[in-house]
Amino acid sequence: MEFERPLVELEEKLAELRRLDVAEHPDLAAEIEALAAEVATLHAEVYQNLTPWQRVQISRHPDRPKTDDYIAALFDDVVQLHGDRTFGDDEAIFAGLGTLGTQRVVLLGHRKGRSTKENIRRNFGSPQAEGFRKARRVMQLADKFRLPIVSFLDTPGAHPGIEAEERGQAWAIAENLATLSALRVPVVAVGIGEGGSGGALAIGFGDRLIMLENAYYSISTPEACASILLKDASKACDVAGCLKLTARDLVELGIADEVVPEPLGGAHRDPQPMFEAVANAVSRALGQLGGRDGEALAEARYERLRRIGEYS
Amino acid sequence: MSITDWFKARESKRYTETSTDRTKAATDVPDGVWQKCPSCKAIVYQGELDANFQVCGKCSHHFDIPGPARIALLVDEGSFEETDAHLRSADPLKWQAGKSYADALERARDKTGLDEAALTGRATIGGHPVVIGAMDFRFIGASMGSVVGEKVTRAFELGLAERRAVVLAIASGGARMQEGMLSLMQMAKTSAAAQRFAEAGLPYISILTNPTLGGVTASFATLADIILAEPGALVGFTGPRVIEQTIRQSLPKGFQTSEFLLEHGMVDEVVPRDELAERVRLLLDYVTAGGER
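One structure accompanies this document, and this report is about it. (Residues numbered from 1 in each chain as written. Chains lettered and ligands numbered in written order. Predicted model: local features only at pLDDT ≥ 70, side-chain atom pairs only at ≥ 80, totals over all residues.)

### Observations concerning the nonpolar core
Side chains of nonpolar character tend, in soluble globular proteins, to be buried together.
1) Next: By size, the foremost hydrophobic cluster in this structure holds 151 residues, and its most contacted members are Val190 of chain A together with Val166 and Val167 of chain B.
2) Next: No other element matches the ten residues that helix H7 (residues 180-199) of chain B contributes to this core.
3) Next: In contact with Val167 of chain B, other than residues within four places in its own chain, are Leu74, Ile125, Val130, Ile132, Ile205 and Val280 of chain B. (Core = buried A, V, L, I, M, F, W, Y, C linked by C-beta atoms within 7 Å. Buried ≥ 20, exposed ≤ 12 C-beta atoms within 10 Å, placed from the backbone. Helix = DSSP H or I, 4+ residues; strand = E, 2+ residues; numbered from the N terminus. Contact = placed C-beta atoms within 7 Å.)

Structure follows, in structure tokens:
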């Protein structure tokens, strides 16, 4: 990533120096030490003061852990459930069952791929109407069998295309919102990467919203916002700050509950502790919601939504 | 003509009119004695439009109409009693990118004489007590921010409390960018309110008018028991220009019109404006009075 370049250059220099035989160049030892210190400082400086746009870039990093990775790392006995029973099986949405520790849950998530081939199959994580309908079917299954829902958010948005419109993209999203709002089981949403617009929201709100430090959640991608308001998608970096889309912004707006810190440089730099932190956050949330009566949960969820908005 | 060309030609004739330019046409209707019809280009006399529900006498193009006129068109004369009239949007994100949001709100208020893009209130339609709502495209494209979301939510809550049907005439460019995530969450909030209303067994009729797009289509607008649409209205999730840019091909003629949606099973009926009030009244008879006539 562009903003990481000075850091990468320094790191490379340092690695080069370290390969030299220190015995042959005793004068270099001090210099290496100084450079290492400089790298550490720069590292902290770059990653502790990330701009919203830089966080958006990290959230899209190709090596960033994805829904599949979290499901594989956190859950046992995973069963994937396919298809919307009406049209097809949208690979951009994961739906299934899994067990976190001793807690059985229904799993939902947007699926980005690892390879280009996989990404094409999964439409780069942008669901079609049938993907949302599959998710809704599984939400109803969760409600029926009293299983909490854990949902992983990572999408640039619902797919904009002819077939999506023909099959009622908007209708599918609206029905998910209505269904999610009234479920009698706990719903925990986790923003792990991109939270783009209605396509994220359609599986992306509930009783808790947990955001990874560099994940974003926004009314639209910064590019789409810049394109609509400024008629220039290349000004995305300018509007990213205005949109208040970072994890911390969302806590301040009263929309997210918790920010899970990422390893320095982003989740992809050290996935294992990231998985553990997410597992802990999700377990904690499920534990807090676990004992509640279904009606009380739905009522609290309604009140939670009811409070959102600023006006006079 | 090869068979594939024949199919292409057939495809392009399937729907009645092209949709891509209509949102623009909608926004620059001039004030004055004469108007140019954006569809058939005929010059039509304003008095004639006024007498004909703002519908072109030559081609039946439905001109956009302001929120207050929309309500007057649907409800029993003199029955409308506005609720929550003075809710005003704050500027929670202190939005400055492009144009300042505070300025845009001020200009929209001056232009329309309204405080926000949605109007709601109690009324009767054919004697049926309803909560009626309408959206005004002149007000920042009738986009949904905190106030539109709140007014729609309160409309459902009022309907629930007083056991009235809800009738909403929708027009919107989508969720309002300048309030960021607060706008996006209004989709969930309004949908939650519509769901509670539905669970109480109460009827909700929505009327989709030109244009209905984005976060409004993808929330309360399409959660109705019965969805009507005006002829030729542009209705969809993603706007046609964005789809064109994304897929890099031009869209079939009539894509995302009311007629297109009817063909794809997404709306119950396309109803011309001069028949709307009567149609809503009849539907209310069916859904509020039970089986015995």
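### Describing the sheet that holds strand E7 (residues 258-260) of chain A
All names here are of chain A.
1) Next: Strand order in the open sheet made by the seven strands is E1-E2-E3-E4-E5-E6-E7, with mixed pairing throughout. Unpaired on one side and paired on the other, strand E1 (76-80) and E7 mark the two borders of the sheet. Neighbour to neighbour, the strand axes of the sheet diverge by 25° on average, direction disregarded.
2) Next: Of the pairings in the sheet, the one linking strand E5 (residues 187-195) to strand E6 (residues 208-212) comprises four bridges and is parallel in character. Paired with Ala189 across the strands is Leu209, a residue of E6.
3) Next: Strands in contact with helix H13 (residues 271-290) are strand E2 (93-100), strand E3 (103-110), strand E4 (149-155), E5, E6 and E7; relative to E5, the strand with the most contacts, it is inclined by about 150°. (Pairing = 2+ DSSP bridges. Axes fitted to C-alpha atoms, helices over the stretch in contact; angles between N-to-C directions.)

### Examining the environment of Gly98 of chain B
1) Next: Residue position: Gly98 of chain B is located in the loop between strand E3 (81-83) and helix H5 (101-112).
2) Next: Look at Gly98 of chain B and you get buried, because 20 C-beta atoms sit within 10 Å.
3) Next: Gly98 of chain B sits 31 residues away from Gly67 of chain B along the chain, and the two C-alpha atoms are 27 Å apart.
4) Next: Ignoring anything within four residues of it in the chain, the contact list for Gly98 of chain B reads Leu229 and Leu230 of chain A.

### Regarding helix H6 (residues 146-162) of chain B
Residues and elements named next belong to chain B.
1) Next: Taking 1.5 Å as the rise per residue, H6 with 17 residues should run 24 Å; its terminal C-alpha atoms sit 24 Å apart, in good agreement.
2) Next: Of the positions making up H6, those classed as buried are Ser146, Val147, Val148, Gly149, Glu150, Lys151, Val152, Thr153, Ala155, Phe156 and Gly159.
3) Next: Taken together, the buried residues of H6 touch strand E4 (118-125), strand E5 (128-135), strand E6 (165-172) and H7.
4) Next: Backbone geometry just downstream of H6 places Arg163 in the positive-phi region, at approximately 50°. (Expected span 1.5 Å × (residues − 1).)

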